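# Descriptive structure summary
As a plain string of letters, each chain reads:
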Amino acid sequence: MKVTDTVAALAQPVVAAQGCSLWDTEYVREGGRWFLRLLIDKPGGVNIADCEAISRAMDPILDEADPIAESYCFEVCSAGLERPLRRPGDFAQFLGSPVTIKLYRPRDGQKELAAVLRGYEDGRITAEVGGKTITLQKSEVALVRLRVEF
C-alpha cells in the first residue's frame, strides 16, 4: 500500500470529526526535504483553526503508525481555490466550472487551456474552450485545476 493511501485511511476519521473532508494526501520531495500534506476542504472554506486541530489530532496517530521511515515535515492545508482535479469524483463535483488544463504537448499551439469542464468519462475530459467543445485523452493531459475568475 502506498504511503499516501495509508495516511489517508488514518486521517479520514480525524478530518471528518472536525467537520471537514479530506481532499487529497501528498507525499512529495521539495527543496531536498520530504513533505507529508493533508489537503482538506469544508463548506464555507477551511481556516487555520481547522488545520491546527487536525494536525494536533494526527500527530500521535502518525507517531504510533509510523508509516514513513525517513524524516519529513507534516502539514495540514486547505485544498485551495485552484485545486487540482485528480479523481473521477473531483471532476463530477466540478462539472460546469472554469478550469485550467495543462497539456504535455501543444494543441493548436497552446500547452495551457482556459476552459469550462463539461464532462469526464474513463479518463477522457470534455471541455469548452473558446466556445468550442473538445475532448482530451488522459495521456494528453498533465494537469487539470480549478480556475478562479475575477
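Residues numbered from 1 in each chain as written. Predicted model: local features only at pLDDT ≥ 70, side-chain atom pairs only at ≥ 80, totals over all residues. Heavy atoms only, no water.

Looking now at the state of the cysteines. A full pass over the atoms with the stated rule returns zero disulfides. Unpaired in terms of disulfides, C73 finds its nearest cysteine sulfur in C77, a separation of 11 Å. In this structure C73 comes out as buried when scored by relative accessible area, which is 18%. (Disulfide = S-S within 2.5 Å. Buried < 20%, exposed > 50% of the residue type's maximum accessible area, 1.4 Å probe, protein only.)

This paragraph deals with the packing of aromatic side chains. All told, the structure shown has three aromatic pairs when counted by the stated rule. A ring pair is formed by Y27 and W34, whose centres lie 4.6 Å apart and whose planes are at 15°; its orientation type is stacked. (Phe/Tyr/Trp six-rings, centres within 6.5 Å; stacked < 30°, edge-to-face > 60°.)

Our next topic: the side chain of D24. Here D24 shows up in strand β1 (residues 21-30). For D24, a relative accessible area of 12% corresponds to the buried category. Ignoring sequence-local partners within four residues, the contact set of D24 consists of R37, L38, L39, R86 and R87. (Helix = DSSP H or I, 4+ residues; strand = E, 2+ residues; numbered from the N terminus. Contact = heavy atoms within 4.5 Å.)

What follows is about unusual backbone geometry. Phi at D108 is positive, roughly 55°, even though this residue is not glycine. Residue position: D108 is located in the loop between β4 (98-107) and β5 (110-121). A positive phi angle, close to 50°, is found at D122, a residue other than glycine. Tracing the sequence through the fold places D122 in the loop between β5 and β6 (124-129). A relative accessible area of 68% means that D122 is categorised as exposed.

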